[in-house]
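# Understanding the architecture of this molecule
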Amino acid sequence: MPRVLGQHRAAVGIAVASLTAVVGLGPVVAGALGTAASAASANCTASSPTGQLNESGFTGSTNAPSSTTDAAQNAITNVVNNTPTGNRFSSDEAQASGLYFQVNMGSAQSFNEIQMAAVDYGGDYARGFNVNVSSNGSSWTTVASCTSTAYPQIVSFPSQTAQYVQVVLTQSVSPNWWSMQQFFVYNNPSLGGTTTTAATTTTTGATTTTAAGANCSATASGTQLSQSGWTASTNTPASGGDVASNAIDGNLTTR
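So, here is what we can say about the structure in this document. (Residues numbered from 1 in each chain as written. Predicted model: local features only at pLDDT ≥ 70, side-chain atom pairs only at ≥ 80, totals over all residues. Heavy atoms only, no water.)

### Examining the packing of aromatic side chains
In plain terms, the rule: Working definition: a ring pair exists when centres of Phe, Tyr or Trp rings (six-membered ring for Trp) sit within 6.5 Å. Plane angles under 30 degrees give stacked, over 60 give edge-to-face, the rest tilted. Put simply, DSSP H or I for four residues or longer makes a helix, DSSP E for two residues or longer makes a strand, and each gets a number counted from the N terminus. Buried means the residue's accessible area, taken with a 1.4 Å probe over protein chains only, is under 20% of the maximum for its type, while exposed means over 50%, and partly exposed covers the values in between.
Per the stated rule, a full pass over the model turns up 7 aromatic pairs. Relative to Phe183, the ring of Phe101 has its centre 5.0 Å away and its plane inclined at 55 degrees; by these criteria the two rings are tilted. Placement of the pair is Phe101 in strand β4 (residues 100-117) and Phe183 in strand β9 (residues 182-186), with a sequence separation of 82 residues. The residues Phe101 and Phe183 share a single accessibility class, namely buried. Between Tyr125 and Tyr151 the ring centres are 6.5 Å apart and the planes differ by 75 degrees, which places this aromatic pair in the edge-to-face class. Residue Tyr125 is found in the loop between β4 and β5 (128-134), and its partner Tyr151 is found in the loop between β6 (141-148) and β7 (153-169); the two are separated by 26 residues along the sequence. The buried category is assigned to Tyr125, whose relative accessible area is 13%. Using a relative accessible area of 2% as the deciding quantity, one classes Tyr151 as buried.

### Considering the state of the cysteines
Each disulfide consists of a covalent bond between the sulfur atoms of two cysteine residues. Rules: Any two cysteine sulfur atoms lying within 2.5 Å of each other are counted as a disulfide.
All chains considered together, the criterion is met by 1 disulfide. There is a disulfide in this structure between Cys44 and Cys146, and the S-S distance comes to 1.9 Å. Taking the torsion about the S-S bond as the criterion, the Cys44 to Cys146 disulfide, at about -75 degrees, is left-handed. Residue Cys44 is found in the loop between β1 (35-37) and β2 (59-62), and its partner Cys146 is found in strand β6; the two are separated by 102 residues along the sequence. Of the two residues, Cys44 and Cys146, both sit in the buried class.

Given below as C-alpha cells:
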C-alpha cells in the first residue's frame, strides 16, 4: 500500500517477532509464518533460516513501476546495512500476476532458502508467488510455488547453484501494493540435500524447463493402459463438442 506506516504496524506484530529472530535478536516464532502451499520438494513454511549469503554485491531489479524511493535495490541495501525498518522496495501499484522482484548475485552462488520481510508494511506481502532461479537471467527454473497469509515469508527448496533468483507474483490483489524491506538469501546447512540443476531450453518467445530425470522428447513405447474407467476435466471454458472427455474416448474424430 502507499507509504502510510501506521495502518500496518498493528497487523505485523507477529512478523516483527520473526524478523527479529532472523537478525539474531530473539527466538523464531513458527506461528508467524503464513505461507501455505508449495511445489514438490519446496517448503513454503520454512523456519529458522541460517547461512545468510553476503549480499554486498547483489543487484535488485523489478518490472514494476517503482519510484526511485521504492527501488528494488532497497530490499538488498537494508540487508547489507542491517536496517529492517529502512527504505523499501514497492511495486507502487496493486499486486498483479507477473510482477517480479529479481536479484543478480553477481556470480553463481549455492543457496537453498530465501526470505522476504517487511516490518512496516505487513499487509503488502505477496499472496501467491513462484521462486525462480537462472544462470543467465533469461532462462528460468521454478523451484517453489507458494501462497501466503503474512510476512515474513521463508521458503526452502532443493539446493541450487545459480546467479539469479526471482520472485514472481502469481496472484493479484487490490488495493495492496507489493512491498518488501528485506530480501535474504541463504545456504542453510541444516537442509542438506544435493544440488540440483534443471535442464532448461529457451526458444523465441518460450522457455521449456525439464525437471531432473524427465524426458520431454521421449518416443512412445510399452503397453498402453486401459482408459475405460478414466474421466477427464479441464479449467478451460470447453463445452459441447470440445469437452475434455473427448481426448480419452478412443475416437479420433472428436477432440
